[in-house]
Protein chains: 2
Amino acid sequence: MSAANHLLCKIVYKARKRKIMNHRDFMRKAIELAVENVENGGGPFGAVIVKNGEIVATGVNRVTPNNDPTAHAEVCAIRAACTKLGTFDLSGCVIYTSCEPCPMCLGAIYWAHIDKIFYGANQHDAAAVNFDDSFIYRELEHKPEERHKPIENILHKEAQAPFNAWREKGDKVEY
Amino acid sequence: MSAANHLLCKIVYKARKRKIMNHRDFMRKAIELAVENVENGGGPFGAVIVKNGEIVATGVNRVTPNNDPTAHAEVCAIRAACTKLGTFDLSGCVIYTSCEPCPMCLGAIYWAHIDKIFYGANQHDAAAVNFDDSFIYRELEHKPEERHKPIENILHKEAQAPFNAWREKGDKVEY
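Note that the structure is a prediction, hence the values are computed from the model and not measured.

Novice: Sorry, what's going on with the overall build of chain A here?
Specialist: Summing up its helical and strand segments, chain A has eight helices and five strands in all. Computed over its C-alpha atoms, the radius of gyration of chain A comes to 21 Å, more than 25% above the 16 Å expected for a compact globule of 175 residues. Principal-axis analysis of the C-alpha atoms gives chain A an extent of 80 × 50 × 30 Å. A burial count over chain A gives 51% of its 175 residues as buried. Of the contacts formed within chain A by residues at least 6 apart in sequence, a portion of 47% connects residues at least 24 apart. Here chain A contributes 22 positive and 22 negative side-chain charges, whose respective centroids are spaced 11 Å apart.

Dropping the structure here:
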């Protein structure tokens, strides 16, 4: 084998070994995690966070086993990715989630500055198996005073104190 | 002192010792936690969760010190309350938050089934110190395809697999 051929073989071998994953591969991983999670006592949801074509972190729905109503797949994946990358800002990352994000997860994705969302199943598919977030979406469309869940404003003036402290703080970390 | 007087004194003493807190007291606690948290390197937000007139758990914004964009005061308080009570369902609880909840926290409050929300400062006060969630609120008003953050549906059919697994599972914990 010539030196050139040998080099070519090495490159092909390395590329195969470290298979370059595409959008569909990442989504399939999220779906696979969701299926496994049902077996492991969690909800049927999985998510994968990717940066520069590589998986940074994954998450699955652990609401009932962990007694944590915020432990949706996307929130768990965001928290894991931030821990791994040592940052609270996931700019440059993409999230692949087996199901369309609920309002809580969508909010988390915005706060984390994730660039783009890919989703598999949609909110109607989720509602068909009793994971219905359409009520929350509808509630968010209404003004606070028109929502079903009571919300009341008290001590508005006193509640400016934390913001005044924040304004005066010199070494604060903004986000 | 007569026996009746003695009993009355004991009742008054106990009531004073265990001061019955009202809505304003709980909100003042949330505000106080928010102010302290600024000193401790966190964001200017605090929250208190109350059940049967007693504080179950508290939370403060730890986004930047914990590298966790989901660590808003309300989310932290919900997670702490659920851990303490050993449940993912906070029905019967009320949340007092120093500032109007963002869409992520509002979603978390709905998923946790908290009965009522009291808030102090509002989203405009928060925006004035650069904590602006109005963009997220506006984004949620739009259909997914009309939002600024790109969102794309792929592998819709394959993504039904977790829901099929969920349907078939006999011993699942629904929520």
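Novice: Looking at this structure, I do not really get the relation of the copies chain B and chain A. What am I missing?
Specialist: Taken together, a rotation about one axis and a shift along it account for how the two chain copies relate. For the pair chain B and chain A, the best superposition has an RMSD of 0.2 Å and corresponds to a rotation of 180° with a translation of 0.0 Å parallel to the axis. The transformation relating the two chain copies, once decomposed into turn and shift, fits a two-fold axis. The position closest to the rotation axis in chain B is occupied by the C-alpha of Met104 of chain B, lying 2.0 Å away. Both copies contact each other with a shared surface, as 100% of the interface residues of chain B are interface residues in chain A too.

Novice: Would you mind going over the interface of chain B and chain A with me for this structure?
Specialist: Reports often express the size of an interface as the amount of accessible area lost when the parts come together. At the junction of the two partners, chain B supplies 89 residues and chain A supplies 89 residues. Here chain B and chain A share an interface that buries about 8,000 Å² over both sides, 68% of which is from carbon and sulfur atoms. Considering only the side of chain B, the residues that lose the most area to chain A are Tyr110, Trp111 and Tyr175 of chain B, jointly responsible for 10% of the buried surface there. Linking chain B with chain A are six salt bridges. Run the count over chain B and chain A and you get 36 residue pairs in polar contact (both at pLDDT 80 or more). A total of nine residues in the side of chain B that touches chain A trace back to one element, the largest contributor, which is helix α2 (residues 23-39) of chain B. For the side of chain B that touches chain A, the per-class residue count stands at 50 nonpolar, 20 polar and 19 charged.

Novice: Help me out: how do you make sense of the pairing of strand β1 (residues 46-51) of chain A in this one?
Specialist: One face of the sheet, then the other: side chains in a regular strand alternate in exactly this way. All names here are of chain A. Burial runs high along β1: five of the six residues are buried. Two elements, β1 and strand β2 (residues 54-60), share six bridges in a ladder whose sense is antiparallel. By the bridge assignment for β2, Ile49 is matched with Ala57. Summarising the sheet, β1 and strand β3 (residues 93-99) pair through five bridges and their orientation is antiparallel. Bridge assignment links Val50 to a residue of β3, and that residue is Val94.

Novice: Just to check I follow, could you spell out helix α5 (residues 103-111) of chain B for this structure?
Specialist: Structural remark: α-helix, 3.6 residues per turn; residues separated by three or four positions point the same way. Within α5 of chain B, nine of the nine residues are buried, which leaves it mostly tucked inside the rest of the structure. Those residues of α5 of chain B lying buried are Pro103, Met104, Cys105, Leu106, Gly107, Ala108, Ile109, Tyr110 and Trp111 of chain B. Where α5 of chain B is buried, its residues contact α5 (103-111) and α7 (134-141) of chain A together with α4 (73-85), β3 (93-99), β4 (116-121) and α7 (134-141) of chain B. Immediately beyond the C-terminal end of α5 of chain B, within one or two residues, lies His113 of chain B, with a positive phi of roughly 60°.

Novice: Whenever I open this one, the layout of surface pockets confuses me. Can you help?
Specialist: Remark: the empty space left among the atoms is shown by a probe the size of a water molecule rolled over them. What the largest pocket holds in volume is close to 240 Å³. Around the largest pocket sit 14 residues that line it, and Gln123 of chain A together with His142, Lys143, Pro144 and Arg147 of chain B are the ones nearest its centre. At the level of secondary structure, the elements contributing two or more residues to the lining of the largest pocket comprise α6 (123-128) and α7 of chain A together with α7 of chain B. Top contributing element to the lining of the largest pocket by residue count: α7 of chain A, with three residues. Broken down by class, the residue content of the lining of the largest pocket amounts to three nonpolar, four polar and seven charged.

Novice: How do you make sense of α4 of chain B when you look at a structure like this?
Specialist: Residue and element names in this part refer to chain B. The end-to-end C-alpha distance of α4 is 18 Å, a good match for the 18 Å that 13 residues give at a rise of 1.5 Å each. The set of residues buried in α4 consists of Ala73, Glu74, Val75, Ala77, Ile78, Ala81 and Cys82. Where α4 is buried, its residues meet β1 (46-51), β2 (54-60), β3 and α5. Looking one or two residues past α4, Gly86 carries a phi angle of roughly 65°, positive in sign.

About the cut-offs
Residues numbered from 1 in each chain as written. Chains lettered and ligands numbered in written order. Predicted model: local features only at pLDDT ≥ 70, side-chain atom pairs only at ≥ 80, totals over all residues. Heavy atoms only, no water. Helix = DSSP H or I, 4+ residues; strand = E, 2+ residues; numbered from the N terminus. Rg over C-alpha atoms; globule rule 2.2 N^0.38 Å. Buried < 20%, exposed > 50% of the residue type's maximum accessible area, 1.4 Å probe, protein only. Contact = heavy atoms within 4.5 Å. Lys, Arg positive; Asp, Glu negative; His and termini not counted. Charge placed at Lys NZ, Arg CZ, Asp CG, Glu CD. Least-squares fit on C-alpha atoms with pLDDT ≥ 70 in both. Buried area = accessible area lost by both parts, 1.4 Å probe. Salt bridge = Lys/Arg side-chain N within 4 Å of Asp/Glu carboxyl O. Polar contact = N/O pair within 3.5 Å; in protein donor to acceptor, adjacent residues only side chain to side chain. Nonpolar A, V, L, I, M, F, W, Y, C, P; charged D, E, K, R; others polar. Pairing = 2+ DSSP bridges. 1 Å grid on protein atoms, 1.4 Å probe; cavity = no way out; pocket = protein on both sides within 12 Å on 5 of 7 lines; lining within 4 Å. Points joined across faces, edges and corners; volume = space filled by probe spheres on them. Expected span 1.5 Å × (residues − 1).

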